[in-house]
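The primary structure of each chain is shown beneath.
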Amino acid sequence: MNKRREFLKQVSLLSVGVLTTKGNTSVMAKDVQPLSLHPNAFAVPPYLQHLTPTSTWVMFITAEKAYSWLEYEGESGITQKAHMEEDGIYDSYTTLHKIQIPDLRPGETYRYRACSKPITLFEPYKLEYGAEIATPWYTFRTPTTDSAEVSCLVLNDIHDSPQAFGKLLDTVKDRTFDFVALNGDTFNYQTDEKQIIDNLLTPCTTLFASKTPFIMIRGNHETRGKFRRAFKNYFTLPNNSYHFTFNQGPVCWVILDTGEDKPDDHPVYAGIVAFDALRERQARWLEEVVKTKAYKEAAYRVVIMHIPPYHSGDWHGPTHCRTVFDPIFASNDVDLVVSGHTHRYGIHPPKGVQKYPVIIGGGSKDGTRTAIHITANEKQLHLDMILDDGRKVGEYTIKAT
Ligand SMILES: [Fe+2]
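Remember, predicted model here, so these are calculated numbers, not experimental data.

**Some words on the overall build of the protein**
So, point 1. Of regular secondary structure, the protein possesses six helices and 25 strands.
So, point 2. The C-alpha radius of gyration of the protein comes to 22 Å, within 12% of the 21 Å expected for a compact globule of 401 residues.
So, point 3. By its C-alpha atoms, the protein is 75 × 50 × 40 Å across when sized along the principal axes.
So, point 4. Looking at the protein as a whole, 53% of its 401 residues qualify as buried.
So, point 5. For the protein, restricting intrachain contacts to residue pairs at least 6 apart in sequence, the fraction spanning at least 24 positions comes to 69%.
So, point 6. Distance between charge centroids for the protein: 2 Å, based on 44 positive and 47 negative side chains.

Here it is as structure tokens:
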């Protein structure tokens, strides 16, 4: 790996043209033209996905089919280059780019930019490029492996309203957050790439996503529409799954995909869905997760899932979520469940058969959406629920035991 990194560094030195070293001194390699800055040639600037202490994925969309790469540097000031390579081929002649930066150091600030060359001619033995382009530089910071604190922002039920992101982010402009969890129904149904760009990626990259990662959590509306299968291509999910777990700060985060709200045999699904099986598969997976050291030894265990297991009516989806997930939550010390879906925001402390607090964010119209800000440290986990007009409408605190 060290050899490969050295090789990449050499490639970078030889071919990139402009290298920024410590002290922001620009050094020009011989016979290479400087990169042009044409931000408009990027249909979507870079957005961070699956940021861990030692790696991150960066995604972006170019206006034309291109070969693209990343340039990045940590606190050493040495610029390196990252490609997406599979089977010996650099990912290219595509507009949607997904590139991993490996071998990062925990708790370090990095800067990066996306670079691209449109492929103007692609014949078997002849390939031609257009002019190189690059985005501005962006920064991100890797989490530490033993961080005592974590914070996040949970947004839900945006329902194809790109202006909502600005309003909701404005309510937390004085707060910090390590990641944003988009807790389902960001859309009404999936139509095409333009919808994803206009209603998600453009507002999010404008506001935060080039420096702070977001997690796409599937709601029942993301399971609908002719583009629903391609939808997943626009995100980087651990193990390419909508359900996963990770530890950050003192929290073990559990992300679930609650599927559809109606029974699988409902006529609107036309016989081509299997969400009961999906939920049951996740329950079996969760039975194993709760046995792990990472889960058991975390100070707090927080589940983020679109359809809440309580306070969500008696349709099939919510009741099936309760049937398969609630017994696992109740018997394995889940501290908090954060949901959406009902469009009625509320804080529901444990009561009766409900053994854990259920927090439900609002939606789906202006004036009803909420931003849920969660912070956790060694003393307590605290969340504030803030309405899109800036008013705090709920809070909940869990003291560390
Ligand atoms: Fe929903």
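Back to the write-up after that little detour.
**Overview of empty space enclosed by the protein**
So, point 1. A full pass over the atoms with the stated rule returns one cavity of 30 Å³ or more.
So, point 2. Its volume calculated, the largest cavity comes out at about 40 Å³.
So, point 3. Looking at which element gives the most residues to the lining of the largest cavity, the answer is strand β9 (residues 92-101), with four residues.
So, point 4. Here the lining of the largest cavity is built from residues that sort into two nonpolar, three polar and two charged.

**Points about the side chain of Gln248**
So, point 1. Residue placement: Gln248 occurs in strand β17 (residues 244-248).
So, point 2. Exposure remark for Gln248: the relative accessible area of 13% places this residue in the buried category.
So, point 3. Apart from residues no more than four positions distant in its own chain, Gln248 is found in contact with Pro143, Val150, Asp178, Phe179 and Trp253.

**Observations regarding the pairing of strand β18 (residues 251-255)**
So, point 1. For β18, a buried count of five out of five residues is recorded, marking the element as mostly surrounded by other parts of the structure.
So, point 2. Neither face of β18 is left uncovered, since the one carrying Val251, Trp253 and Ile255 and the one carrying Cys252 and Val254 both have all their residues buried.
So, point 3. Strand direction decides the pairing type here: β17 and β18, joined by five bridges, are antiparallel. What sits directly across from Phe246, in β18, is Trp253.
So, point 4. In this structure, the hairpin formed by β17 and β18 is closed by a connection of two residues, where Gly249 is found at a positive phi of approximately 65 degrees.
So, point 5. Across five bridges, β18 lies against strand β19 (residues 300-304) in parallel orientation.

**Some details on the coordination of the iron ion**
So, point 1. Bound to the iron ion are the protein donor atoms Asp185 (OD), Asn220 (OD1), His306 (NE2) and His341 (ND1), situated 2.1 to 2.2 Å from the metal.
So, point 2. If you look at the iron ion, its four donor atoms make angles of 88 to 167 degrees with each other, and the shape they trace is irregular.
So, point 3. For the iron ion, all donor residues lie on one chain, and their spacing in sequence is D-x34-N-x85-H-x34-H. You can see Asn220 sitting in the loop between β16 (214-217) and β17 and its partner His341 sitting in the loop between β20 (336-339) and β21 (346-348), a full 121 residues away along the chain. The pair Asn220 / His341 is uniform in exposure class, with both members buried.

**Details of the UniProt feature "domain: Calcineurin-like phosphoesterase" (unreviewed entry) in the protein**
So, point 1. The UniProt record annotates "domain: Calcineurin-like phosphoesterase" (unreviewed entry) at residues 153-345.
So, point 2. Here residues 153-345 runs as 30% helix and 16% strand, with 15 Å between its end C-alpha atoms.

**Concerning the pattern of salt bridges**
Two side chains bearing opposite charge may form a pair once their charged atoms approach each other closely.
So, point 1. All told, the structure shown has 19 salt bridges when counted by the stated rule.
So, point 2. In this structure, Glu288 and Lys291 form a salt bridge, with 3.2 Å as the shortest nitrogen-oxygen distance.
So, point 3. Note on Glu288: relative accessible area 45%, which makes it partly exposed.
So, point 4. Look at Lys291 and you get exposed, because its relative accessible area is 52%.
So, point 5. Each member of the salt-bridge network shares a partner with another, and the members are Arg175, Asp384, Lys392 and Glu395.

The rules behind these values
- Residues numbered from 1 in each chain as written.
- Predicted model: local features only at pLDDT ≥ 70, side-chain atom pairs only at ≥ 80, totals over all residues.
- Heavy atoms only, no water.
- Helix = DSSP H or I, 4+ residues; strand = E, 2+ residues; numbered from the N terminus.
- Rg over C-alpha atoms; globule rule 2.2 N^0.38 Å.
- Buried < 20%, exposed > 50% of the residue type's maximum accessible area, 1.4 Å probe, protein only.
- Contact = heavy atoms within 4.5 Å.
- Lys, Arg positive; Asp, Glu negative; His and termini not counted.
- Charge placed at Lys NZ, Arg CZ, Asp CG, Glu CD.
- 1 Å grid on protein atoms, 1.4 Å probe; cavity = no way out; pocket = protein on both sides within 12 Å on 5 of 7 lines; lining within 4 Å.
- Points joined across faces, edges and corners; volume = space filled by probe spheres on them.
- Nonpolar A, V, L, I, M, F, W, Y, C, P; charged D, E, K, R; others polar.
- Pairing = 2+ DSSP bridges.
- Donors = N, O, S within 2.8 Å, 3.2 Å for Na, K, Ca; no water.
- Tetrahedral: all angles 85-135°; square planar, octahedral: opposite > 155°, others 65-115°.
- UniProt positions renumbered as here; feature names shortened; annotations may be inferred.
- Salt bridge = Lys/Arg side-chain N within 4 Å of Asp/Glu carboxyl O.

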